[in-house]
Amino acid sequence: MSASITGRVGPLAGRRFAVGSAPVTFGRSGDSSVVIASGRASRLHAEVLREAGRYVLYDRGSRNGTLVNGERVASRVLSSGDEITIGDEVFRFEAAEAMETITDVPSPLVAAEPGPVLNVIVSGGGPVGLSFALLLEHLMGRRVAVTMYDGRWTQDGSRVLWKDETQGNVRRQQVVTVQSRQYLNLPEEVQERLFGAGAYSEMWPAGPDSVHGHGPRNIRIAHVEDVLLEMANEKPDRIRLVPTRFDVTEQRETVVKDHVLAICEGGRSRTREHFTDKFGTSDTSIYSLNGRHVQDVVLGLRVKSDLPDPMAVLLTVAQNRFLLNSLRGEGFLNMRLTDAEAQEVIGVDPVRHVFEQCVASRPCLMGRNEEGDFRCPTHGTLFLPALVKGSALWKRVLEGLVLFGVTEENLSAVTGFRLDMVQRPRFTARLHSTTSTTPGTYGFLLGDAANAIHFWPGRGLNSGLASAVSLARSLSNAWRGKAFRDADFVRHEAAMSMLQYRHKSRAWNAMVTTDEHGDSRAIKDVIAQSVEEAAPEGPDGETDIDAFMDRLREIRDRLSPRVPGMPDDTALRGHLRKLRRETLRTLLVSGAWDTLTVGGEEVDIDIFYRQDPDPLPAPAAKHPDPRLRN
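Under the annotation held in an unreviewed UniProt entry, the protein chain carries the name FHA domain-containing protein and is attributed to Streptomyces kebangsaanensis.

(A) Main features of the packing of helix 16 (residues 523-533) against helix 19 (residues 581-590). Closest axis-to-axis distance for the helix 16/helix 19 pair is 9 Å, and the angle between their directions is 150 degrees. The orientation of helix 16 relative to helix 19 falls into the category roughly antiparallel. The hand of the helix 16/helix 19 crossing is right-handed. When helix 16 is examined against helix 19, the residues Ile523, Val526, Ile527, Ser530 and Val531 are found in contact with a partner set consisting of Thr586, Val589 and Ser590.

(B) Representation of helix 14 (residues 459-478) within the structure. Here helix 14 spans 29 Å end to end across 20 residues, near enough to the 28 Å set by a 1.5 Å rise per residue. Counting buried residues in helix 14 gives 19 out of 20 residues, a clear majority hidden from the surface.

(C) The packing of helix 9 (residues 309-317) against helix 17 (residues 541-559), seen in detail. One way to put it is that helix 9 packs onto helix 17 with a least axis distance of 10 Å and a crossing angle of 125 degrees. Our classification of the angle between helix 9 and helix 17 gives oblique. For helix 9 against helix 17, the interelement crossing comes out right-handed. Residues Val313, Leu314, Leu315 and Val317 of helix 9 pack against Leu552, Ile555, Arg556, Arg558 and Leu559 of helix 17.

(D) Main features of the pattern of salt bridges. This structure, assessed with the given rule, holds 40 salt bridges. Residue arginine 172 is joined to glutamate 225 by a salt bridge in which the shortest nitrogen-to-oxygen separation is 2.6 Å. Note that arginine 172 is positioned in the loop between strand 15 (159-162) and strand 16 (175-178) and glutamate 225 in helix 5 (residues 221-233), a separation of 53 residues in sequence. Residue arginine 172 is classed as partly exposed on the basis of its relative accessible area, which comes to 35%. Glutamate 225 gets classed as buried once you look at its relative accessible area, which sits at 2%. When the shortest N-O distance is used, the salt bridge between arginine 573 and aspartate 546 registers 2.9 Å. You can see arginine 573 sitting in helix 18 (residues 569-576) and its partner aspartate 546 sitting in helix 17, a full 27 residues away along the chain.

(E) Here's a closer look at the environment of valine 298. Turning to its location among the elements, valine 298 is positioned in strand 23 (residues 296-304). For the pair valine 298 and leucine 393, spaced 95 residues apart in the sequence, the C-alpha separation amounts to 13 Å.

(F) Spatial organisation of the confidence of the model for the protein chain. Put simply, the protein chain has an average pLDDT of 87, and 90% of its residues get 70 or more. Throughout residues 98-113 the model reports pLDDT below 50, and contacts reaching past four residues in sequence, or to other chains, amount to 43 contacts. Of the regions scoring below 50 in pLDDT, residues 612-630 engages in three contacts with residues more than four places distant in sequence or in other chains.

(G) The sheet that holds strand 3 (residues 24-27), seen in detail. A sheet is described by the order of its strands in space; here five strands give the open sequence 4-3-5-6-9, paired in mixed fashion. Two strands bound the open sheet, and with one partner strand each, they are strand 4 (34-35) and strand 9 (75-77). Sheet analysis places strand 6 (residues 54-59) next to strand 9, joined by three bridges and oriented antiparallel. Among the inter-strand pairings, tyrosine 58 is bridged to a residue of strand 9, identified as serine 75.

(H) Inspection of unusual backbone geometry at higher detail. One non-glycine residue, asparagine 69, lies in positive phi territory at about 55 degrees. Tracing the backbone shows asparagine 69 in the loop between strand 7 (66-68) and strand 8 (71-73). Judged by relative accessible area, which is 47%, asparagine 69 ranks as partly exposed. Of note in the backbone geometry, arginine 328 takes a positive phi value of approximately 50 degrees without being a glycine.

(I) Expanded view of the sheet that holds strand 20 (residues 260-263). Taken together, the six strands give an open sheet; going across it, the order is 19-13-12-20-33-32, and neighbouring strands pair in mixed fashion. Only two strands of the sheet have a single partner each, and these edge strands are strand 19 (239-242) and strand 32 (428-432). Mean inter-strand twist for the sheet, computed between neighbouring axes without regard to direction, equals 20 degrees. Sheet topology places strand 12 (residues 118-123) next to strand 20; four bridges connect them, and they run parallel. In the strand pairing of strand 20, isoleucine 121 is matched with leucine 261. Here helix 2 (residues 127-140) sits on the sheet and contacts strand 12, strand 13 (144-149), strand 19 and strand 20; the angle it forms with strand 13, its principal contact strand, is near 170 degrees.

(J) Focus on the packing of aromatic side chains. Counted by the stated rule, this structure contains 16 aromatic pairs. When the ring of tyrosine 442 is compared with that of phenylalanine 484, the centres are 6.5 Å apart and the planes differ by 85 degrees; the resulting orientation is edge-to-face. Highlighted residues: tyrosine 442 in strand 33 (residues 441-445) and phenylalanine 484 in the loop between helix 14 and helix 15 (490-508), separated in sequence by 42 residues. Aromatic rings pair up to connect Tyr442, Phe444, Trp479, Phe484 and Phe489 into one cluster.

(K) A look at helix 17. The end-to-end C-alpha distance of helix 17, which contains 19 residues, comes to 26 Å, matching closely the 27 Å that a straight helix rising 1.5 Å per residue would cover. Of all the positions in helix 17, only Gly541, Asp544, Ile545, Phe548, Met549, Arg551, Leu552, Ile555, Arg556 and Leu559 are classed as buried. In this structure, the buried side of helix 17 is in contact with helix 9, helix 18 and helix 19.

(L) Structural context of the environment of proline 567. Of note, proline 567 is situated in the loop between helix 17 and helix 18. Proline 567 sits 479 residues away from aspartate 88 along the chain, and the two C-alpha atoms are 47 Å apart. Once residues lying within four places of it in the same chain are set aside, the contact partners of proline 567 are Met311, Leu314, Arg556 and Leu572.

(M) Geometry of the side chain of arginine 50. Note on placement: arginine 50 falls in strand 5 (residues 46-51). On the basis of relative accessibility, which here comes to 13%, the residue arginine 50 falls in the buried class.

What counts, and at which threshold
- Residues numbered from 1 in each chain as written.
- Predicted model: local features only at pLDDT ≥ 70, side-chain atom pairs only at ≥ 80, totals over all residues.
- Heavy atoms only, no water.
- Axes fitted to C-alpha atoms, helices over the stretch in contact; angles between N-to-C directions.
- Helix = DSSP H or I, 4+ residues; strand = E, 2+ residues; numbered from the N terminus.
- Parallel < 35°, antiparallel > 145°, perpendicular 65-115°, else oblique.
- Left-handed = near helix turned anticlockwise from the far one by under 90°.
- Contact = heavy atoms within 4.5 Å.
- Expected span 1.5 Å × (residues − 1).
- Buried < 20%, exposed > 50% of the residue type's maximum accessible area, 1.4 Å probe, protein only.
- Salt bridge = Lys/Arg side-chain N within 4 Å of Asp/Glu carboxyl O.
- pLDDT = per-residue confidence, 0-100.
- Pairing = 2+ DSSP bridges.
- Phe/Tyr/Trp six-rings, centres within 6.5 Å; stacked < 30°, edge-to-face > 60°.

Here it is as structure tokens:
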């Protein structure tokens, strides 16, 4: 019998890996001989080599080190019974005989069998679905086979690419903020490819989501999609890409024969609705006021701002009407609309003279054409508010541009999206039971299909990445080639419930405020009241500037230690004087971001997947006092 390494603590507990003349590698890479699930492991963490009849363990420059019998080592000649610790996982080295580590004749490596393969379907190939597939492949290697579906893809030779605008797919150019708590859980290879030089910026200060001093990173969503799809293309043996929208009815037989269906189709997922009886009906009451479900409509303006990031951050945090998120000045300025303004967000067909709500309901992106109009390439409609001279909404849009240093020529497109939240009863469900010919299929809601979040850029993506990390770890830990049980996903379901509570409670506090009587009101209604009350004889403009300056100073004092380069009073006051009195009044009454309410402890997915400590040994039996014997 050859030497071996056996898992003692962790997902590979009980698994035996034979050791021969070829190297045995440990790491997070799916190509490692021993694939480590722990996020503390490096891609190539350590390896065991046979040298001169001995087995020698080498740490390969890992970030968190390799322990042998509790001692951190760079290299160590292994003896039978030695324990190797990498991250949260522990392995025991066993020689075939006591003398094998010294004199045994080299024998070929007997590769560990990959074992039964976990078959996974992913419906929806956006950032969350792609991240989940790459994480799963990274953790499980040859033990998993993933099939992904997305109708926004097209086949180009042997590769799958994103469709372009001429093929009916308007790429998402929004900039999102990814927190370090999430991106540090992605495989190192993914991090390296995503965050290349010039691909991201660090506009926002480090905060509660930041880990080990790593700040949040702004990155364009289309870049994330491109990089992740490119990486998935590079793994055709384990990730199969199907450029077709997933149809649960047509694919029923496929779903029944596979082990997992991960639903990542977004907030309007048809697959989720098909399985409503399994996942349960969502509840709107928790996000309602006076029995009315609170919904926001946001106008997205693609812009290029001339303001430096510190000033853009300060002006964004100081009010609740506009939110700018950009990458070196280019991004989207999101404008929270009142209900009356939302009714104006429509397109008009210039030929048939009919109105379309495509800009807000689909939503469609209307880019500026040669005539200067904003045109929908899919429906041929033009953005009506920009066409109507004297449009009150368009005047307020232009004021938002002034606030963030955007010239009208640097407004290149408009879009809109509706926002509402619901409480989901569960995120994991047995879709099909095990039979003599089928393995039993479990379904999971990930990303916006699970938790559509408020319009703060990146909130939905951060929650989605966390859910993908959680599910990938659960599946990797639980898979033993047997039918899954509900108990296998207790940690994942708990993580998803915490994500729902944390992110949605934060989002809810960004949608509502409390008035002077202690009553809750939707922020959009507060804005609407300020718009209705705006009049030439209203409060003096300088008075509102003074009040707004007090707010800006308080925020600046709080952020200055983390955001260098904040503007001084003179720069701020001069900038505010460019705005109309009505605009200043709206910014003032909309309130600042309630960072106290939305701050605090974040959901740490890692706490659910740290290995439990070894149980304490049972106390030795005590010999009874002979005086007590009968």
